[in-house]
2 protein chains.
Amino acid sequence: MKKLINGVESVVPDALRGIAAAHPGLRVDVENQIVFRDSGPRPGKVGLVSGGGSGHEPLHAGFVGYGMLDAACPGEIFTSPVPDQMIEATTAVDGGAGVLHIVKNYTGDVLNFQLAAELSAEEGVEVASVLVDDDVAVRDSLHTAGRRGTGATVFVEKIAGAAAESGAPLAEVARVAGTVNARSRSFGVALSACTTPAAGRPTFALGDTEVELGIGIHGEPGRARSAMRPAAELVRVAMDALHEDLPLSGDVLVMVNGMGATPLIELYVAFAEVSAYLAEKGVTAARSLVGDYVTSLDMQGFSITVCLLDDELVRLWDAPVETPALRWGR
Amino acid sequence: MKKLINGVESVVPDALRGIAAAHPGLRVDVENQIVFRDSGPRPGKVGLVSGGGSGHEPLHAGFVGYGMLDAACPGEIFTSPVPDQMIEATTAVDGGAGVLHIVKNYTGDVLNFQLAAELSAEEGVEVASVLVDDDVAVRDSLHTAGRRGTGATVFVEKIAGAAAESGAPLAEVARVAGTVNARSRSFGVALSACTTPAAGRPTFALGDTEVELGIGIHGEPGRARSAMRPAAELVRVAMDALHEDLPLSGDVLVMVNGMGATPLIELYVAFAEVSAYLAEKGVTAARSLVGDYVTSLDMQGFSITVCLLDDELVRLWDAPVETPALRWGR
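The rules behind the values
- Residues numbered from 1 in each chain as written.
- Chains lettered and ligands numbered in written order.
- Predicted model: local features only at pLDDT ≥ 70, side-chain atom pairs only at ≥ 80, totals over all residues.
- Heavy atoms only, no water.
- Helix = DSSP H or I, 4+ residues; strand = E, 2+ residues; numbered from the N terminus.
- Rg over C-alpha atoms; globule rule 2.2 N^0.38 Å.
- Buried < 20%, exposed > 50% of the residue type's maximum accessible area, 1.4 Å probe, protein only.
- Contact = heavy atoms within 4.5 Å.
- Areas by Shrake-Rupley, 256 points an atom, 1.4 Å probe, with all protein chains shown as cover.
- Lys, Arg positive; Asp, Glu negative; His and termini not counted.
- Charge placed at Lys NZ, Arg CZ, Asp CG, Glu CD.
- Pairing = 2+ DSSP bridges.
- Axes fitted to C-alpha atoms, helices over the stretch in contact; angles between N-to-C directions.
- 1 Å grid on protein atoms, 1.4 Å probe; cavity = no way out; pocket = protein on both sides within 12 Å on 5 of 7 lines; lining within 4 Å.
- Points joined across faces, edges and corners; volume = space filled by probe spheres on them.
- Nonpolar A, V, L, I, M, F, W, Y, C, P; charged D, E, K, R; others polar.
- Salt bridge = Lys/Arg side-chain N within 4 Å of Asp/Glu carboxyl O.
- Least-squares fit on C-alpha atoms with pLDDT ≥ 70 in both.
- Phe/Tyr/Trp six-rings, centres within 6.5 Å; stacked < 30°, edge-to-face > 60°.
- Expected span 1.5 Å × (residues − 1).
- Polar contact = N/O pair within 3.5 Å; in protein donor to acceptor, adjacent residues only side chain to side chain.

Draft legend 1. Looking closely at the overall build of chain A. Tallying secondary structure elements over chain A gives eight helices and 14 strands in all. Taken over C-alpha atoms, the radius of gyration comes to 19 Å for chain A, in line with the 20 Å a tight globule of 330 residues would show. Across its three principal directions, the C-alpha atoms of chain A cover 55 × 50 × 35 Å. Here chain A holds 330 residues, and 64% of them are scored as buried. Taking the contacts inside chain A whose residues are at least 6 apart along the sequence as the reference set, 73% of them involve residues at least 24 apart. As displayed, chain A has an accessible area near 10,900 Å², and 50% of this comes from carbon and sulfur atoms. The distance from the centre of the 25 positive side-chain charges to the centre of the 42 negative ones in chain A is 4 Å.

Draft legend 2. Broad picture of unusual backbone geometry. At the junction of Glu57 of chain A and Pro58 of chain A, the peptide bond is cis and its omega measures out at 10° in the coordinates. In this structure, the amide linkage connecting Leu59 of chain B to the following residue, His60 of chain B, adopts the cis form with an omega of -10°. Examined against the element boundaries, His60 of chain B turns out to sit in the loop between β3 (47–54) and β4 (71–77). The backbone phi angle of Leu297 of chain A is positive, close to 55°, even though this residue is not glycine.

Draft legend 3. Quick peek at the sheet that holds strand β7 (residues 184–190) of chain A. Residue and element names in this part refer to chain A. Spatially, β9-β8-β7-β12-β10-β11 is the arrangement adopted by the six strands of the open sheet, whose pairing is mixed. Edge positions in the open sheet fall to β9 (224–227) and β11 (284–291), since each of these has one partner strand only. Between one strand axis and the next, the sheet turns through 20° on average, direction left out of account. As paired strands, strand β8 (residues 210–213) and β9 are joined by four bridges and run antiparallel to one another. For Glu210, the partnering residue across the bridge sits in β9 and is Ala227.

Draft legend 4. How the structure looks around the layout of surface pockets. By volume, the second largest pocket amounts to about 1,100 Å³. What lines the second largest pocket is a set of 37 residues, and nearest its centre among them are Ser192 and Gln300 of chain A together with Ser192, Asp298 and Gln300 of chain B. Grouping the amino acids of the lining of the second largest pocket by side-chain chemistry returns 18 nonpolar, ten polar and nine charged.

Draft legend 5. Structural view of the pattern of salt bridges. Across all of its chains, the model carries 36 salt bridges over all chains by this definition. Across the pair Glu165 of chain B and Arg42 of chain B runs a salt bridge whose closest N-O atoms are separated by 2.7 Å. Note that Glu165 of chain B is positioned in helix α4 (residues 152–165) and Arg42 of chain B in the loop between β2 (34–37) and β3, a separation of 123 residues in sequence. Note on Glu165 of chain B: relative accessible area 11%, which makes it buried. Two residues, Arg287 of chain B and Asp318 of chain B, come together in a salt bridge whose shortest N-O distance is 2.7 Å. Of this pair, Arg287 of chain B sits in strand β11 (residues 284–291) while Asp318 of chain B sits in helix α8 (residues 311–318); the two residues are 31 residues apart in sequence, bridging distant segments of the chain. Residue Asp318 of chain B is classed as partly exposed on the basis of its relative accessible area, which comes to 35%. Overlapping salt bridges, with partners in common, bring together Arg37, Arg42, Lys45, Asp70 and Glu165 of chain A in one network.

Draft legend 6. Focus on empty space enclosed by the protein. Here the structure, examined in full by the defined rule, presents five cavities of 30 Å³ or more. The calculated volume of the largest cavity comes to roughly 140 Å³. If you trace the largest cavity, you find 17 residues lining it, with Ile19, Ser54, Glu57, Ala61 and Pro74 of chain B closest to the centre. Taken together, the elements giving at least two residues each to the lining of the largest cavity come down to α7 (264–280) of chain A together with α1 (11–22), β3 and β4 of chain B. Taken together, the residues of the lining of the largest cavity sort by class into eleven nonpolar, five polar and one charged. Considered as a void within the structure, the second largest cavity measures approximately 120 Å³ in volume. Along the walls of the second largest cavity sit 15 residues, with Leu16, Ser54, Glu57, Ala61 and Pro74 of chain A positioned nearest its centre. Residue assignment for the lining of the second largest cavity shows that the elements contributing at least two residues are α1 (11–22), β3 (47–54) and β4 (71–77) of chain A. The greatest single-element share of the lining of the second largest cavity, amounting to four residues, is contributed by α1 of chain A.

Draft legend 7. Quick look at the relation of the copies chain B and chain A. Placing chain B over chain A gives an RMSD of 0.0 Å and needs a rotation angle of 180°, together with 0.0 Å of translation along the axis. The superposition operator between the copies reduces to a two-fold rotation axis. The position closest to the rotation axis in chain B is occupied by the C-alpha of Ala261 of chain B, lying 1.8 Å away. Here 100% of the interface residues in chain B have copies in chain A that are interface residues too; the copies meet face to matching face.

Draft legend 8. View of the packing of aromatic side chains. Tallying each qualifying case throughout the model produces four aromatic pairs over all chains. Their ring planes at 80° and their centres at 5.6 Å tell us that Phe155 of chain B and Trp317 of chain B sit as a pair that is edge-to-face. In this pair, Phe155 of chain B is assigned in helix α4 and Trp317 of chain B in helix α8, connecting sequence segments 162 residues apart. Accessibility assignment for this pair places Phe155 of chain B and Trp317 of chain B in one class, buried. Here the aromatic cluster, defined as three or more aromatic residues joined through ring pairs, consists of Phe155, Trp317 and Trp328 of chain A.

Draft legend 9. How the structure looks around the sheet that holds β11 of chain B. Residue and element names in this part refer to chain B. Sheet architecture is open: six strands sit in the order β9-β8-β7-β12-β10-β11, paired in mixed fashion. With partners counted over all chains shown, the strands left at the sheet margins are β9 (224–227) and β11, one partner each. Between one strand and the next, the sheet's axes are offset by a mean angle of 20°, whatever the strand orientation. As judged from the seven bridges shared by strand β7 (residues 184–190) and strand β12 (residues 301–308), these two strands associate in the antiparallel manner. Within β12, the position partnered with Gly188 by the bridge is Ser303. Contacts between α8 and the sheet are confined to β10 (251–258), β11 and β12, with β11 contributing the most and set at about 35° to the helix.

Draft legend 10. Quick look at helix α4 (residues 152–165) of chain A. In this model, α4 of chain A (14 residues) spans 20 Å end to end at C-alpha, consistent with the 20 Å of a helix rising 1.5 Å per residue. Counting buried residues along α4 of chain A, 14 of its 14 residues qualify, which places the element largely inside the surrounding structure.

Draft legend 11. Broad picture of the pairing of β11 of chain B. Sheet analysis places β10 of chain B next to β11 of chain B, joined by seven bridges and oriented parallel. Paired with Val252 of chain B across the two strands is Ala285 of chain B, which belongs to β11 of chain B.

Draft legend 12. Structural context of the environment of Ala270 of chain B. Here Ala270 of chain B shows up in helix α7 (residues 264–280). Remark: the alpha-carbon pair of Ala270 of chain B and Glu233 of chain B, spanning 37 residues in sequence, is separated by 9.8 Å.

Draft legend 13. Representation of the side chain of Ser80 of chain A in the model. Residue and element names in this part refer to chain A. Its place among the elements puts Ser80 in the loop between β4 and α2 (83–93). At 3.1 Å, the side chain of Ser80 and the side chain of Asn112 are in polar contact. In this structure Ser80 touches Gly53, Gly75, Met86, Gly108, Asp109 and Asn112, once residues within four positions along its chain are discounted.

Structural data, given as structure tokens:
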């Protein structure tokens, strides 16, 4: 294992120091592992807090800023953050209008955010939660009851963030967040496993000519092992899975996401196939992202997330955002 | 070799189709391999054209747009584009104020851009060129007489692009581009080699506990092979090399660039070390980029590029930009 780190124990705090140095618009509490907007809470604005295990960068710290999250709580690599982080973040970002927790569906995250919500409520903060569970690959998995939460998290954080920024009340921000999740589906394919610093070896074994279809973002098993195939065929497997689960129609927002070690030129090759597939079905990729947004350390592979758009979602997607990883319109 | 492609021959056109589908602000001539701004030339604005081998994405197509390039000419993987592409791009983007060629210092690129400049001049386009040669690692290399051009290309394209957008004449845009190159230095470290689709195997052999210091962006050899070391030590080797070549002082623009397969969390770990090194020297990282900007397919590793800022360069760096890979302030 060769990793650009100083030691297994210090990866997360070292990276947080780097995030603090690189992004003056963020305030980073390295000791407690919380990344805040530097501007602090805005009175009357709903606060947005997310978090989860590290190793998925830029998720979530890269999405803290104007028009998106107010705070992110990174846990250790592939490990849920603890309730204390979440409570501190929640109480700190509350501007009196309450706080929305955006929670990916993994058992640890769900339990810890639930506890944090209860304890924050006891401190007088109104908290709502949205559970992201967009991954159609498997019904239950190693770390999940129900579907896993993956790429749609980016869409939920962006669109709910825009709603909060516009002054929408908590119930409304929670509603739109739920709508985005309900209209989004994801499917991932791994060309290689990933290696956590602590384990020092790949999370699973994948042969030189094999791929894993329906992979999760921690190396959880997918639906099936398959022989390596051309990009067009791998994309078709993923798109068929999405379309079967939620028939695609109209205008969609689509993300072709790299898992951390996939060259961008290959993601564009995949996006061309996604675009062709959608055209075949009479569906328009009205908005898109191509790049690394929800990664899995050094895994090679990609995931596709599609969200069925309506006018409200387009307007909120297009609203200004200014974070390390998404930035436009301002 | 497992790559997310349809075939070795079709990687570049397939990716160009993906770029066209993902970025409605770009116009892509897939057949001739040229990526243009969709808006076309603006009368009186100096046009900016760059290009080079593919496999370094987002460079250069990801930097086409408002405030940066007018056109990019991607060659085959790690292969210079041909003069015909450059001539077509040059004549197409000329708004009557001339065109600047931004050329990374590789022998093929230099010869082809030179020929393209001469032939474009014969067609009545005034052409100036800036050569980017920022990599301090080696004096000459496999593909280069003199220093290689690497990360500073991003700085040159951004800052010259802002000068052109502001209406500066060709001589002035060329001058500021040359200034950026003169004030910038880069150094890269590889943790793994990269594999081109055509070769199907790594460009060089690197042991399980070795790194290559001073690597180029095509897997060219660096200064030395070394045992793997903590991030802080690898960053120090790179920063010492930069500082020795061009003493660091005042405010700097610094990029910690991933080579394509390096997890973002590790790049932030490296950035924390860069920031600490600069603080030690009394130097301020006034502006920064952390992420994949000049990649080398699936190589693991990083490069650091530093540019000594002055007021003019800060103003031009901060000016609005709207491209697939850099976007702010608009």
